[in-house]
Amino acid sequence: LFPERYSEVPAHVITIDDLEVRAGVRTLLHMDGSSLRVQPGDRIGLVGRNGAGKTTTMRILAGEGEPYAGKVVRTGDLGYLPQDPREGNMDQLARSRVLSARGLDVIMADMTAAQEQMVSAPDDKAMDKAVRKYGRLEDEFSARGGYEAESEAARICNSLGLEDRILTQNLGTLSGGQRRRVELARILFAASDGAGKSQTMLLLDEPTNHLDADSITWLRQFLEKHEGGLIIISHDVELLEAVVNKVWFLDAVRGEIDAYNMGWKKYLDARATDEARRRREKANAEKKASQLKMQAAKLGAK
């Protein structure tokens, strides 16, 4: 991948070049002279020990933070689930927040207002105007999936354990876990076309937090079918094993990403082999350095 070729990159792609990520004076990631790319069909597990900088790196990839150096280019639709979502109007209904992913909340509110105008129209002229407005809104509503899309949103919410009593409450009245599930539902609704053909890029940071076993199973199946790109941070090994086809290991010691183009089980074997090789190389380097020091000491004594 080269910067001068960005114009050739197709939609729904993230391209990463020479990225450097820092937390204060500490360097978390340094990709000097190297590049990474996420495209449709890539389901990447971003892994590393706690404190390695996975969440900070994910925020930068999503455009929610700025890198210390390097470039991240995003094209196409992107859905990002942070660990602590703070998006949305706290006075908005949870159901409206989910539907807002496709702009359905505004259209439905306008349709309701147009219906009220038809009922209260003082004369035929006002009635005709309200009817025409309602017709235009209904056409737009249908173009965005209409009532089928609304049913799809309800199915996703139900699969994530969001009951009707939660969806009819304002976001500000919900717990942090409930708001996080609402935001996850919104992102998945935006990325779903009912057949798993969406190319939306998903960046999910610990998406199974606050989910029960049934919801986690459903999420796993959803992500397995998703045809767009995916980067996921998760401590759920079963989820990673079922979903990812590539792994990025963020090495906290070296400040580098080791990219493995393979599924989870093969990654574990490859990683163990790499770690053993690095331990041997380190031991050999230390042995050689010790020998050189001894030689220098002998020469100095002479």
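In what follows, the structure referred to is the one given above.
Below, the structure is looked at part by part. If you're wondering where the values come from, they're calculated on a predicted model, not measured in any experiment.

**Notes on the overall build of the protein**
Within the protein, the regular secondary structure consists of ten helices and ten strands. The C-alpha radius of gyration computed for the protein amounts to 25 Å, which surpasses the reference 19 Å derived for 302 residues by more than 25%, pointing to a less compact arrangement than a globule. Principal-axis analysis of the C-alpha atoms places the extent of the protein at approximately 115 × 45 × 35 Å. Out of the 302 residues belonging to the protein, those deemed buried represent 42%. Restricting to contacts in the protein with at least 6 residues of sequence separation, those with at least 24 account for 67%. Looking at the protein as shown, the accessible area adds up to about 16,400 Å², and 49% of this sits on carbon and sulfur atoms. Taking the average place of the 44 positive charges on the side chains of the protein and the average place of its 46 negative ones, the gap between the two points comes to 9 Å.

**A look at unusual backbone geometry**
Note: most residues except glycine have negative phi, and most peptide bonds are trans. We note that Glu 206 has phi near 50°; this positive angle belongs to a residue other than glycine. Topologically, Glu 206 is positioned in the loop between strand 7 (201-205) and helix 8 (213-225). Classification of Glu 206 by relative accessible area gives buried; the value is 6%. Residues other than glycine seldom take positive phi values, yet His 210 does so here, at roughly 70°.

**Quick notes on helix 8**
In a regular helix each residue adds 1.5 Å, so 13 residues correspond to 18 Å; helix 8 covers 19 Å between its end C-alpha atoms and thus fits that length. Close packing links the buried residues of helix 8 with strand 4 (43-47), helix 5 (146-159), helix 7 (176-190), strand 7, strand 8 (230-233) and helix 9 (237-243).

**Notes on the pairing of strand 2 (residues 26-30)**
Summarising the sheet, strand 1 (residues 13-23) and strand 2 pair through four bridges and their orientation is antiparallel. Bridge assignment links Arg 22 to a residue of strand 2, and that residue is Thr 27. Between the antiparallel neighbours strand 1 and strand 2 lie two residues, among them Gly 24 with a positive phi of about 70°.

**Here's the deal with the side chain of Arg 271**
Checked against the element boundaries, Arg 271 lands in helix 10 (residues 264-301). Polar contacts involving the side chain of Arg 271 include one to the side chain of Asp 251, which spans 3.5 Å. Sequence-distant contacts of Arg 271, that is, excluding residues within four places in its chain, are made with Phe 249, Asp 251, Arg 254, Asp 258, Tyr 260 and Arg 278.

**Looking at the pattern of salt bridges**
This model, assessed by the stated rule, comprises 16 salt bridges. Between Asp 258 and Arg 254 there is a salt bridge whose closest N-O contact spans 2.9 Å. Overall, Asp 258 belongs to the buried group, its relative accessible area being 11%. On the basis of relative accessibility, which here comes to 29%, the residue Arg 254 falls in the partly exposed class.

**A few points about the packing of helix 5 against helix 7**
Contact geometry for helix 5 and helix 7: axes closest at 9 Å, N-to-C directions at 135°. Viewed along their axes, helix 5 and helix 7 adopt a mutual orientation that is oblique. The chirality of how helix 5 crosses helix 7 is right-handed. Counted together, Ala 149, Glu 152, Ala 153, Ile 156 and Cys 157 of helix 5 and Ala 185, Leu 188 and Phe 189 of helix 7 form the full contact between these two elements. Class assignment for the residues of the contact of helix 5 with helix 7 results in seven nonpolar, no polar and one charged.

**Considerations on the nonpolar core**
With 51 residues, the main nonpolar core has Leu 160, Leu 188, Phe 189, Leu 202, Leu 204, Leu 223 and Ile 232 as its most contacted residues. Element by element, the count of residues in this core is highest for helix 7, at six residues. Excluding residues that lie within four positions of it along the chain, Leu 188 makes contacts with Ile 156, Leu 160, Leu 202, Trp 218, Leu 219 and Phe 222. Ile 14, Ile 16, Met 58 and Ile 257 belong to the second largest nonpolar core, which has 26 residues in total.

**Regarding the sheet that holds strand 4**
Taking strand neighbours across the sheet as the criterion, the six strands line up as 6-7-8-4-9-10 in an open arrangement whose pairing is mixed. Each edge of the sheet is formed by a strand with only one pairing partner; in this case those strands are strand 6 (78-81) and strand 10 (256-260). Across this sheet, the average inter-strand angle for adjacent strands is 15°, counted without regard to direction. With five bridges connecting them, strand 9 (residues 246-251) and strand 10 associate as antiparallel partners. By the bridge assignment, Asp 251 is partnered in strand 10 with Glu 256.

**Points about helix 3 (residues 104-119)**
Spanning 16 residues, helix 3 covers 23 Å between terminal C-alpha atoms, matching the ideal 22 Å at 1.5 Å per step. Those residues of helix 3 that are buried lie in contact with helix 2 (94-99), helix 4 (124-143), helix 5 and helix 7.

**Quick word on the pairing of strand 3 (residues 35-38)**
Here strand 3 shows a buried face lined by Leu 36 and Val 38 and an unburied face lined by Ser 35 and Arg 37. As paired elements, strand 1 and strand 3 share four bridges and run antiparallel to each other. When the bridges of strand 3 are listed, Ile 14 appears paired with Val 38.

Criteria and thresholds
- Residues numbered from 1 in each chain as written.
- Predicted model: local features only at pLDDT ≥ 70, side-chain atom pairs only at ≥ 80, totals over all residues.
- Heavy atoms only, no water.
- Helix = DSSP H or I, 4+ residues; strand = E, 2+ residues; numbered from the N terminus.
- Rg over C-alpha atoms; globule rule 2.2 N^0.38 Å.
- Buried < 20%, exposed > 50% of the residue type's maximum accessible area, 1.4 Å probe, protein only.
- Contact = heavy atoms within 4.5 Å.
- Areas by Shrake-Rupley, 256 points an atom, 1.4 Å probe, with all protein chains shown as cover.
- Lys, Arg positive; Asp, Glu negative; His and termini not counted.
- Charge placed at Lys NZ, Arg CZ, Asp CG, Glu CD.
- Expected span 1.5 Å × (residues − 1).
- Pairing = 2+ DSSP bridges.
- Polar contact = N/O pair within 3.5 Å; in protein donor to acceptor, adjacent residues only side chain to side chain.
- Salt bridge = Lys/Arg side-chain N within 4 Å of Asp/Glu carboxyl O.
- Axes fitted to C-alpha atoms, helices over the stretch in contact; angles between N-to-C directions.
- Parallel < 35°, antiparallel > 145°, perpendicular 65-115°, else oblique.
- Left-handed = near helix turned anticlockwise from the far one by under 90°.
- Nonpolar A, V, L, I, M, F, W, Y, C, P; charged D, E, K, R; others polar.
- Core = buried A, V, L, I, M, F, W, Y, C linked by side-chain atoms within 4.5 Å.

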